[in-house]
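This is what each chain is made of:
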Amino acid sequence: MEISREKAFIRGATGHCPRCAHDHIFRSFFRLLDRCPKCGLPLELEDGWSYGSVPLSYAITCIFWVLPIAILAILEILAYSTAIYIAITGVIIIPFITFKYAKQLWIGTYYSILPHEMTLKDNTEKGDDH
């Protein structure tokens, strides 16, 4: 069964398996399961694979935290020193808060860009033995 790119993205970005839509793909808040427990789709393909979520977390932090604070400082609603302290605090804390969502977004992005990866028979061609 072929899954559309859009459906794979939406499923992954909302914390579901991109292939079967199973909703328990995390072992804990900071840890994905190696494979989907329902269909076996690899969720951690290799060491370092999920580092693609790091730039997504960085973008979320910059767009939704740093940029608004910078605008408030430029408009002189916040003092520059206050804006810097608030921005630094957020840059340290927000990546932890958005970690799980960034990972979900990365899974959705990966499988929507490479949907054929979901159709490989058990993905054994990739040497995934987890």
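The model shown is predicted, which means the values in this text are computed figures rather than measured ones. (Residues numbered from 1 in each chain as written. Predicted model: local features only at pLDDT ≥ 70, side-chain atom pairs only at ≥ 80, totals over all residues. Heavy atoms only, no water.)

Caption draft 1: Summary view of the overall build of the protein. A tally of regular secondary structure across the protein gives 3 helices and 2 strands. Compactness check: the protein gives a C-alpha radius of gyration of 18 Å against a globular reference of 14 Å for 130 residues, more than 25% above the reference. Its C-alpha atoms give the protein principal-axis dimensions of about 60 × 25 × 20 Å. Going through the 130 residues of the protein one by one, you find that 38% of them count as buried. Taking as baseline every contact in the protein between residues at least 6 positions apart, the subset at least 24 positions apart corresponds to 55%. Here the protein has roughly 8000 Å² of accessible surface; of this, 66% comes from carbon and sulfur atoms. Of the side chains in the protein, 12 bear a positive and 13 a negative charge, and the two mean positions are spaced by 6 Å. (Helix = DSSP H or I, 4+ residues; strand = E, 2+ residues; numbered from the N terminus. Rg over C-alpha atoms; globule rule 2.2 N^0.38 Å. Buried < 20%, exposed > 50% of the residue type's maximum accessible area, 1.4 Å probe, protein only. Contact = heavy atoms within 4.5 Å. Areas by Shrake-Rupley, 256 points an atom, 1.4 Å probe, with all protein chains shown as cover. Lys, Arg positive; Asp, Glu negative; His and termini not counted. Charge placed at Lys NZ, Arg CZ, Asp CG, Glu CD.)

Caption draft 2: A look at the packing of helix α1 (residues 5-13) against helix α3 (residues 80-113). The N-to-C vectors of α1 and α3 enclose an angle of 165°; their axes lie 7 Å apart at closest approach. With respect to α3, the axis of α1 lies roughly antiparallel. The interaxial crossing formed by α1 with α3 has right-handed handedness. Mapping the contact onto sequence places R5, A8, F9, G12 and A13 in α1 and Y101, Q104, L105, I107, G108, T109, Y111, S112 and I113 in α3. (Axes fitted to C-alpha atoms, helices over the stretch in contact; angles between N-to-C directions. Parallel < 35°, antiparallel > 145°, perpendicular 65-115°, else oblique. Left-handed = near helix turned anticlockwise from the far one by under 90°.)

Caption draft 3: Region of the structure containing the nonpolar core. Ranked by internal contacts, the top residues of the largest apolar core, which has 17 residues, are I25 and Y111. The dominant element in this core, judged by the number of residues it contributes, is α3, at 4 residues. Each residue touching I25, except ones within four places of it in the same chain, is listed here: G15, H16, C17, L32, L33, L43 and I107. (Core = buried A, V, L, I, M, F, W, Y, C linked by side-chain atoms within 4.5 Å.)

Caption draft 4: Summary view of α1. Within α1, burial applies to A8, R11, G12 and A13. Contact partners of the buried residues in α1: α3.

Caption draft 5: Representation of α3. Between its terminal C-alpha atoms α3 stretches only 41 Å, short of the 50 Å expected from 34 residues at 1.5 Å a residue. The sharpest bend along α3 measures roughly 55° and falls at F99. (Expected span 1.5 Å × (residues − 1). Bend = angle between axes of the 7 residues up to and from the residue.)

Caption draft 6: Focus on a nonpolar patch on the surface. Residues L67, I71, L72, L75 and I77 make up a contiguous nonpolar surface patch of roughly 460 Å² in combined accessible area. Mapped onto the secondary structure, I77 falls in the loop between α2 (53-74) and α3. (Patch = residues over 30% accessible without salt bridge, like charges linked within 9 Å, V, L, I, M, F, W, Y side chains within 5 Å. Salt bridge = Lys/Arg side-chain N within 4 Å of Asp/Glu carboxyl O.)

Caption draft 7: Seen up close, the pattern of salt bridges. Inspection of the entire model under this criterion finds 1 salt bridge. The salt bridge partner of E44 is K103, with a shortest N-O separation of 3.1 Å. Note that E44 is positioned in the loop between β2 (31-32) and α2 and K103 in helix α3, a separation of 59 residues in sequence. Residue classification places E44 among the buried residues on the basis of a relative accessible area of 15%.

Caption draft 8: Region of the structure containing the confidence of the model for the protein. Confidence in the prediction for the protein averages 86 pLDDT; 91% of positions are at 70 or higher. Mean pLDDT values for the elements of the protein range from 86 in β2 up to 93 in α1. (pLDDT = per-residue confidence, 0-100.)

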